[in-house]
Amino acid sequence: LSTPARNLIVELFNANGDKIVEKTGTNILAYNTSSGKFTGAINMGQVAVGDYTVKVKSDRYLRKRIPGIVSVPASTQQITIPETTLIVGDMNNDNIVNITDYNVLLSCFGEKSTSASCEGNKRNADLDDNNWVDEVDFNIYVRSLSIQSGD
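Residues numbered from 1 in each chain as written. Predicted model: local features only at pLDDT ≥ 70, side-chain atom pairs only at ≥ 80, totals over all residues. Heavy atoms only, no water.

Participant: So what's going on with the overall build of the protein? Residues and values would help.
Facilitator: For the protein, the helix and strand inventory stands at three helices and eight strands. The order of α-helices and β-strands along the protein, N terminus first, is β-β-β-β-β-β-β-β-α-α-α. Taken along its principal axes, the extent of the C-alpha atoms in the protein is 55 × 30 × 25 Å. Within the protein, the fraction of its 151 residues that count as buried is 35%. In the protein, 53% of the contacts between residues at least 6 apart in sequence involve partners at least 24 apart. Carbon and sulfur atoms make up 51% of the accessible area of the protein, which amounts to about 8,500 Å² in all. In the protein, 14 side chains carry a positive charge and 18 a negative one; their mean positions are 4 Å apart. (Helix = DSSP H or I, 4+ residues; strand = E, 2+ residues; numbered from the N terminus. Buried < 20%, exposed > 50% of the residue type's maximum accessible area, 1.4 Å probe, protein only. Contact = heavy atoms within 4.5 Å. Areas by Shrake-Rupley, 256 points an atom, 1.4 Å probe, with all protein chains shown as cover. Lys, Arg positive; Asp, Glu negative; His and termini not counted. Charge placed at Lys NZ, Arg CZ, Asp CG, Glu CD.)

What follows is the structure, encoded as structure tokens:
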């Protein structure tokens, strides 16, 4: 992987759907080579005891609601959320896979990956994380179009 550490945004929502807290962690998701998965932890600060809906997002991925309700029995207790799979393809991080993401992909496709027009976009356009933007990334983008928007 060309980016073995990833950013993470975690949002907590109460029973009314109101966002209670949002935290961003920089490079807190780390790739575990033995499990083949990313894991990490983020400090949400003081959170009131209660039940919450949790949504997570990482760069290049659509935001996803964690299945079920997460109960916080004590404001300082560490909570483990269930494993979830995020959908890659959101190259401009607006939580939608659409033509704007396609434009990011095109700006870095093939030999353009070393051009000035790709500057700042290559990491997001490299959907398979192999440090090159090619047909595989395009196929991943097309597959992600069927999902289109995050939770």
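Participant: Quick rundown of the nonpolar core? Include the residues and the values.
Facilitator: Of all hydrophobic cores here, the largest spans 14 residues; its most connected members are M91, L105, A125, L127 and Y141. Sorting the residues of this core by element identifies α1 (99-108) and α3 (135-145) as the ones contributing at least two each. In terms of residue count, α1 provides more of this core than any other element does, three residues in total. Among all residues touching L105, those that are not within four sequence positions of it are M91, A125, V133, D137, F138 and Y141. Counting 13 residues, the second largest nonpolar core, distinct from the first, contains M44, V47, Y52 and V72. (Core = buried A, V, L, I, M, F, W, Y, C linked by side-chain atoms within 4.5 Å.)

Participant: How would you explain the pattern of salt bridges if you had to name every residue and give the values?
Facilitator: One pass over the full model with this rule turns up eight salt bridges. When the shortest N-O distance is used, the salt bridge between R63 and E11 registers 3.4 Å. Here the residue R63 occupies a position in the loop between β5 (60-61) and β6 (64-65), and E11 occupies one in strand β1 (residues 5-13), the gap between them amounting to 52 residues. (Salt bridge = Lys/Arg side-chain N within 4 Å of Asp/Glu carboxyl O.)

Participant: Let's hear about the pairing of β1: which residues, and what values?
Facilitator: In terms of burial, β1 is largely enclosed, as seven of its nine residues are buried. Bridge count for β1 against strand β2 (residues 19-32) is eight bridges, and the pairing is antiparallel. Counted as the bridge partner of R6 is L29 from β2. Remark: five residues form the turn of the hairpin made by β1 and β2, two consecutive strands paired antiparallel; G17 in that turn has positive phi of roughly 85 degrees. Here five bridges tie β1 to strand β4 (residues 50-57), and the two strands are oriented antiparallel to one another. Residue pairing for β4: E11 is matched across the bridge by K55. (Pairing = 2+ DSSP bridges.)

Participant: How would you explain the environment of S34 if you had to name every residue and give the values?
Facilitator: Secondary-structure assignment places S34 in the loop between β2 and β3 (37-39). Between the C-alpha atom of S34 and that of I147, which follows or precedes it by 113 residues, the distance is 29 Å. Here the side chain of S34 touches N32 through a polar contact of 2.6 Å, side chain to side chain. (Polar contact = N/O pair within 3.5 Å; in protein donor to acceptor, adjacent residues only side chain to side chain.)

Participant: Can you lay out the environment of K112 for me, pointing to particular residues and giving the numbers?
Facilitator: In this structure, K112 sits in the loop between α1 and α2 (122-125). On the basis of relative accessible area, K112 is assigned to the partly exposed category, the value being 43%. Sequence-distant contacts of K112, that is, excluding residues within four places in its chain, are made with L106, S107 and C118. Of note is the side chain of K112, whose polar atom sits 3.5 Å from the backbone oxygen of L106.

Participant: Give a description of unusual backbone geometry that names residues and reports values.
Facilitator: One non-glycine residue with positive phi stands out, namely D129, at about 60 degrees. In this model, N131 sits at a positive phi of 70 degrees, which is unusual for a non-glycine residue. For N131, the location among the structural elements is in the loop between α2 and α3.

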